[in-house]
Amino acid sequence: MGEDGRSLVVPVGALPLEGWHRPLAQTIVWMAAPTGTWRTVATARHNWGVWRDFILFLAELPVPPVRPDALTVEHVKAYHAYRQSRSSEAYAWKDRQCVGVLLRSGEMKRLVPADVLAFARARGVGQVPVPKSGYSDGELHRLVTAARSDVVAIRNRFAKSCVLIEKFREAPGQLDEPDRRAASLLVEIAATGEAPRIVPKDRRELMSKQFVVLPDLVPLLVLMVAVTGLNVESVKELPAAHRILGDRAVEVEVLKRRRGSGRWHTTVTWEVGQPGRELHTPGGLYLLLHRLMGPGRDCSQTESLWSIWRNPTGTRDGSRLASHVAPFATRLDSTFNNAKWTRRHGLLADQLSPPSDGDGVQSSAKELLLEFNRLKTSVDVRRTKSLGGYLPSAARTNTVPVLYRNYLRNDPYTRDWAEEIIAEAMVDAEQVAHVTARRETVGGKTSRRFTGTVIVGQDNHVATGTNAEGCVDATEAAWSACRNPARHPASEKPCTVSFIDCFSCENSVVSGHHLPQLIALSDDLANRRGMLSSDEWGHRYGSAWDAIHRDILPKFTPAEVGRARELAGESSLELVEEPWESP
């Protein structure tokens, strides 16, 4: 009996090699115990299948090991080679590891030789499974839209049937003959839960007006996964029991696998939402499904949320026990025709290449394959994006490491989105840093913005004369020229600031003649990065460095800068600074 309430009986006694029966049975009991690792019937069924095949393989050997203590490394290697010949390398390694679990567990561990146990612990190289990526935003939108339209049709189908039954009970004479016959059958079906003896195809169409049928499951599952964010296994395990909290929310117990012993069951609270928005909120959608499958649950007597009517083909027993079933009561891996559903809606995958080949022939788009694992990944990616990538808030149904490792890390759409976010953040950070570094001065403090003039294409000295404001002739400074050294723009007095602050003065004029000096100064400033702390270097030279590299050098061509670099000499920075300021 597993934690999911399902049970399984395995026929150990029907296997060959009788000497393996008792230790194998004891090991199975040990694995299925509360302290073991088997939590579900699906796990037990898979492991039992591999162990049974292993015993059958050993029995067919020329000299089989009749007891576990007769097993050798060569026997395990031979089984591995046997599985490689019949499946892929990845599945062969998985089966070998499953056999290793058998040999290292319970009674087997005491009987199997030590060298075999050591060999069984070996792990395959490069066999770490890579989770599948999710759907693109367009593919996810098409899937969810198609599922939502189908669920709307199912809801309308039930509503139309209810209206027809109500009219038949109140005023049957107002209905025409076809509607009256259909309503009479629906009333009988609602009372008995049994289908009339008609053509099977017509019978299913008639019963679908009163009960959820097998083709309805695919869109219902798709929409539940998309809206709740649960994986499809947890959606299939949803119970019918729930508690409504003030018409605003519904409380449901959810079974989540692979959380460890005693941590499978958790209670979630889902928003119901406003009337008419049932298909967009998890609580509203859950209650809608609960109402749609209510008549079927009355017939199947299941505690699960899910109950469908199936056409009892191949049998004459048309009773409710044969036709009304909980589709996931026995096992969760019930298969549906997902391709038929996507094909009916004409869902196509995104084209990653041009729509035509090299010969100009139009290439057909591929059908969009419905895979619930990819759908769950897409839902997690969408939620993570909406929360700005903050994983603690995005991890609702998984832990943060599981969300990142199994759903986000290998998804190309997540990586592209994250790269865009990082690039935008880097641009924003750079812009903020530049704005901060270029703060305007107040009073006599140094400006962080180059407001001077750059004369491009002039290789001689700055021409003398008066500027537009009538200032005196330009005067050469250490690394630039000054339009009016007798009148500082901030103090309106003769300039007394350091030459390193000329880059922050609007009187400053730079031409091609100054390029060799500026490049020499830039080299000296770069060398002093290793002599001073970052804060001190930024305080002393940050504005000058920013002006040279952001405002001056980019205005000259690479050829002009290259020629100037060949002519660069000493920058005279030590002569400009006070002696106590030198690092």
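Provided above is the structure to which this section pertains.
Below is a summary of the structure that appears in this document. Note that the structure is predicted; figures quoted are calculated from it, not measured. (Residues numbered from 1 in each chain as written. Predicted model: local features only at pLDDT ≥ 70, side-chain atom pairs only at ≥ 80, totals over all residues. Heavy atoms only, no water.)

### Description of the overall build of the protein
Which entries qualify depends on this criterion: Only DSSP runs of H or I with at least four residues qualify as helices, and only runs of E with at least two residues qualify as strands; both kinds are numbered from the N terminus onward. Only protein chains enter the calculation, and the probe is 1.4 Å; a residue is then buried if its accessible area is under 20% of its type maximum, exposed if over 50%, and partly exposed in between. The contact criterion used is simple: two residues touch if any of their non-hydrogen atoms lie within 4.5 Å.
Along the protein, the regular secondary structure elements total 23 helices and 9 strands. Taken across its 583 residues, the protein has 42% of its residues classed as buried. Considering only contacts in the protein between residues 6 or more positions apart, those separated by 24 or more positions represent 61%.

### A few points about a negative patch on the surface
Here is the rule: Put simply, a patch holds well-exposed residues, over 30% relative accessible area, that have no salt bridge, with like charges counted together within 9 Å and Val, Leu, Ile, Met, Phe, Trp or Tyr side chains within 5 Å. Per-residue and other accessible areas follow the Shrake-Rupley method at a 1.4 Å probe size, with only the shown protein chains counted as cover for residues. Salt bridge, as used here: a side-chain nitrogen of Lys or Arg that lies within 4 Å of a carboxyl oxygen of Asp or Glu. As used throughout, the charge tally considers Lys and Arg to be positive and Asp and Glu to be negative, leaving His and the chain termini uncounted. All charge positions are set by atom: Lys at NZ, Arg at CZ, Asp at CG, Glu at CD.
Judged by side-chain charge, D416, E419, E420, E424 and D428 come together as a negatively charged surface patch. Here E420 lies in helix α19 (residues 412-437). Residue classification places E420 among the partly exposed residues on the basis of a relative accessible area of 48%.

### Some points on unusual backbone geometry
Residues other than glycine seldom take positive phi values, yet D247 does so here, at roughly 60°. One can find D247 in the loop between β1 (243-245) and β2 (249-255). According to the relative accessible area criterion, D247 is exposed, its value standing at 67%. With phi around 60°, Q301 is a residue other than glycine that occupies positive phi space. Assignment of secondary structure puts Q301 in the loop between α13 (294-300) and β4 (308-309). Q301 sits in the exposed class, given a relative accessible area of 63%.

### Some thoughts on the packing of aromatic side chains
Put simply, the rule is: For this analysis, a ring pair means two rings from Phe, Tyr or Trp (six-membered ring only for Trp) whose centres lie within 6.5 Å, classed as stacked if their planes differ by under 30 degrees, edge-to-face if by over 60, and tilted for the remaining angles. Two conditions define a charge sitting above a ring: the NZ of Lys or the CZ of Arg must be within 6 Å of the ring centre, and it must be within 35 degrees of the ring normal.
Scanning all chains against the criterion turns up 10 aromatic pairs. Seen in terms of ring centroids, W537 and Y541 are 6.4 Å apart; in terms of plane orientation they differ by 65°. Their pairing is edge-to-face. One end of the pair is W537 and the other is Y541, both in helix α21 (residues 534-552) and 4 residues apart, which spans about a single turn. Y541 matches W537 in its accessibility class, with the two residues each being buried. For the ring pair W537 and W545, a centre distance of 5.8 Å and an interplane angle of 70° mean the geometry is edge-to-face. Classification of W537 by relative accessible area gives buried; the value is 7%. Through a chain of ring-to-ring contacts, three or more aromatic side chains come together here, namely W20, F54, F57, Y79 and Y82. Above the face of the Y135 ring, R374 is positioned so that its terminal group lies 4.2 Å from the ring centre. In this structure, R529 is placed above the aromatic ring of W545, and the distance from its NZ or CZ to the ring centre is 5.0 Å.

### Regarding the nonpolar core
The following threshold applies: The nonpolar core is taken to be a set of buried Ala, Val, Leu, Ile, Met, Phe, Trp, Tyr and Cys residues, with the residues joined through side-chain atoms within 4.5 Å.
L238, W270, W306 and W341 are the most contacted members of the largest nonpolar core, which totals 53 residues. When residues of this core are traced back to their parent elements, those giving at least two are α7 (137-170), α10 (217-228), α11 (232-236), β2, β3 (265-271), α12 (282-292) and α16 (372-386). Sort the elements by how many residues they give to this core and α10 lands first, with 10 residues. Those residues in contact with W341 that sit more than four places away from it in its chain are L143, A146, A147, D150, V218, P219, V222, L347 and L370. Counting 31 residues, the second-largest nonpolar core is a separate cluster that includes M31, L71, V76 and A120.

### Side note on the pattern of salt bridges
In this structure the tally under the stated criterion is 20 salt bridges. Taken together, the shared-partner salt bridges in this structure form one network comprising E177, R180 and R181.

### Here we look at the side chain of N338
Within the secondary structure, N338 is located in helix α15 (residues 338-344). When its relative accessible area of 17% is taken as the criterion, N338 is described as buried. Among residues more than four places away in sequence, those in contact with N338 are V218, L370 and F372.

### Observations regarding the sheet that holds β1
Our working rule: Think of it this way: DSSP has to see at least two bridges between two strands before they count as a pair. To define axes, lines are fitted to C-alpha atoms, for helices over the stretch in contact only, and angles between the resulting N-to-C directions are given on a 0 to 180 degree scale.
As summarised here, the arrangement of the 3 strands in space is β1-β2-β3, forming an open sheet in which the pairing is antiparallel. If you trace the sheet from one side to the other, it starts and ends with β1 and β3, each paired once. Sheet twist, expressed as the mean angle between neighbouring strand axes with direction ignored, is 35°. Inspection of the sheet shows β1 paired to β2 by 3 bridges, in the antiparallel sense.

### Remarks on helix α20 (residues 515-527)
Here is the rule: Here a helix's expected span is defined as the number of its residues, less one, multiplied by 1.5 Å.
Across its 13 residues, α20 extends 18 Å between first and last C-alpha, which sits within 8% of the 18 Å expected from 1.5 Å per residue. What α20 keeps buried is the set L515, P516, L518, I519, A520, L521, S522 and L525.

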